[in-house]
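# Fold and geometry: a report
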Amino acid sequence: MTLSFVLFLFLAHLGIGVICSLLLVSKEAGVKFFRFNAGLAAVLLLIAMAFRPDEVELAPGTQGSAFLAVIVCTGAILLYWATIGRVAAWLRPILLGTAVVAGTIGLLLQALAISGDGSNLVATLTAVSFLTSTALLGGTCTAMTLGHWYLVLPSMPVDHLQSVVKFHIGSTAARILVVGAAVWWALSVADLPEPGFYRYMMSIDGIFFWQRILFGLLGPVVLAYMTWETAKIQATQSATGILYVDFFTVMVGEVLAKYLLVATTVPV
């Protein structure tokens, strides 16, 4: 795998995460909210495909099937963006559901392709890592956008923001558990090439791992709690400001997570 794989994975996971997180948002947010986020997700996926590494192409095998699923996901969300509010309402959930299912299948197949000849445990850890990464990225981005949307619809109940923030807190907790399991596997079970994951953690290159922990896990824990407490007192503008910082720390953490996967094969 090459470093361009880092960009491809990050953008694909973010785009699919935004699509899946739309299922959490009430229709009261309005057509423009869903159109904006669908367009954002489509742009992210198109950029991901444009910058994909050479090994990601339509070809027989798991990698090719994973890329095909991402293409289907992108096509479905583009149709959703183009038709929302303009054609029969019954088509919206079908297109969004197709995008969610295709995106999830793409994530799972990509995890299987990356784990290669590894054990079932490796494949499972990688798949769960991809799913929790997608949930964390998508939930944070959509929470930030929804918080900003209170400037457009100030009368919208704050419960909608609280529900998405609650999902963000849950996805952060799940991500911490998965990273903990991956680190335990790398230190105790995995037969990794020398110098091994422990020496990597303690070397100069290990700064990427510790930054991943600091920015990608500890930062969001604190900021998600602050957002929850702020949303409880219905200070949506303050909550949105915190979510901007939160989303930045999550992005840094997940980019580093993809880099560590490429550099060490450990799905943190």
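Notes on the structure in this doc start here. This is a predicted model, so every value here is computed, not measured. (Residues numbered from 1 in each chain as written. Predicted model: local features only at pLDDT ≥ 70, side-chain atom pairs only at ≥ 80, totals over all residues. Heavy atoms only, no water.)

### Some details on the nonpolar core
Nonpolar side chains tend toward joint burial in soluble globular proteins. In this structure, Leu-14, Ile-19, Phe-33, Phe-34, Ile-77, Tyr-80 and Leu-146 are the most contacted members of the largest nonpolar core, which totals 60 residues. Among the elements that line this core, the one with the most residues is helix α1 (residues 4-21), at eleven residues. If we ignore the near neighbours within four places in the chain, the residues touching Leu-146 are Val-25, Ala-29, Phe-33, Met-156, His-160, Leu-161 and Val-164. The next biggest cluster of nonpolar side chains, apart from the first, holds 18 residues, and it includes Val-183, Ala-186, Phe-197 and Leu-217. (Core = buried A, V, L, I, M, F, W, Y, C linked by side-chain atoms within 4.5 Å. Buried < 20%, exposed > 50% of the residue type's maximum accessible area, 1.4 Å probe, protein only. Helix = DSSP H or I, 4+ residues; strand = E, 2+ residues; numbered from the N terminus. Contact = heavy atoms within 4.5 Å.)

### A word on the pattern of salt bridges
Enumeration over the complete set of coordinates arrives at four salt bridges. Of the charged contacts in the structure, one is a salt bridge between Glu-254 and Arg-175, with a shortest N-O distance of 3.0 Å. Residue Glu-254 is found in helix α9 (residues 236-264), and its partner Arg-175 is found in helix α6 (residues 159-189); the two are separated by 79 residues along the sequence. By relative accessible area, which is 1% here, Arg-175 ends up buried. (Salt bridge = Lys/Arg side-chain N within 4 Å of Asp/Glu carboxyl O.)

### Some details on the side chain of Thr-172
Tracing the chain through its elements places Thr-172 in helix α6. In this structure the side chain of Thr-172 is engaged in a polar contact, spanning 2.8 Å, whose partner is the backbone oxygen of His-168. If we ignore the near neighbours within four places in the chain, the residues touching Thr-172 are Leu-136, Leu-217, Pro-220 and Val-221. (Polar contact = N/O pair within 3.5 Å; in protein donor to acceptor, adjacent residues only side chain to side chain.)

### Quick look at the packing of aromatic side chains
Scanning all chains against the criterion turns up eight aromatic pairs. Among the aromatic residues, those joined into a ring-pair cluster are Phe-33, Phe-34, Phe-36 and Trp-149. Just above the ring of Phe-34 sits the side chain of Arg-92; from NZ or CZ to the centre is 5.7 Å. (Phe/Tyr/Trp six-rings, centres within 6.5 Å; stacked < 30°, edge-to-face > 60°. Lys NZ or Arg CZ within 6 Å of the ring centre and 35° of its normal.)

### Some remarks on the packing of helix α5 (residues 120-149) against α6
Running from N to C, α5 and α6 point in directions that differ by 155°, and their axes come no closer than 8 Å. What the angle tells us is that α5 and α6 run roughly antiparallel. The element α5 and its partner α6 pack so that their crossing is left-handed. Class assignment for the residues of the contact of α5 with α6 results in 16 nonpolar, eleven polar and one charged. (Axes fitted to C-alpha atoms, helices over the stretch in contact; angles between N-to-C directions. Parallel < 35°, antiparallel > 145°, perpendicular 65-115°, else oblique. Left-handed = near helix turned anticlockwise from the far one by under 90°. Nonpolar A, V, L, I, M, F, W, Y, C, P; charged D, E, K, R; others polar.)

### With respect to the environment of Asn-37
Tracing the sequence through the fold places Asn-37 in helix α2 (residues 31-50). Sequence separation between Asn-37 and Ser-21 is 16 residues, and the spatial gap between their C-alpha atoms is 9.7 Å. Every residue in contact with Asn-37, bar those within four places of it in the chain, is listed here: Val-18, Leu-22, Thr-142 and Thr-145.

### Notes on the packing of α2 against α5
Look at α2 against α5: their axes get within 11 Å of each other, and the N-to-C directions meet at 145°. Like other packed secondary-structure pairs, α2 and α5 cross with a definite hand, here right-handed. In this structure, α2 contributes Lys-32, Phe-33, Phe-36, Asn-37 and Leu-40 to the contact, and α5 contributes Cys-141, Thr-142, Thr-145, Leu-146 and Trp-149. Looking at the contact of α2 with α5 residue by residue, the class counts come to six nonpolar, three polar and one charged.

### Brief notes about a nonpolar patch on the surface
Together, Ile-176, Val-221, Val-222, Tyr-225 and Met-226 make up an exposed nonpolar region whose accessible area comes to about 440 Å². For the nonpolar patch, the element with the most residues is helix α8 (residues 207-232), which contributes four residues. By the secondary structure assignment, Val-221 is in helix α8. Here Val-221 falls in the partly exposed class, since its relative accessible area comes to 39%. (Patch = residues over 30% accessible without salt bridge, like charges linked within 9 Å, V, L, I, M, F, W, Y side chains within 5 Å. Areas by Shrake-Rupley, 256 points an atom, 1.4 Å probe, with all protein chains shown as cover.)

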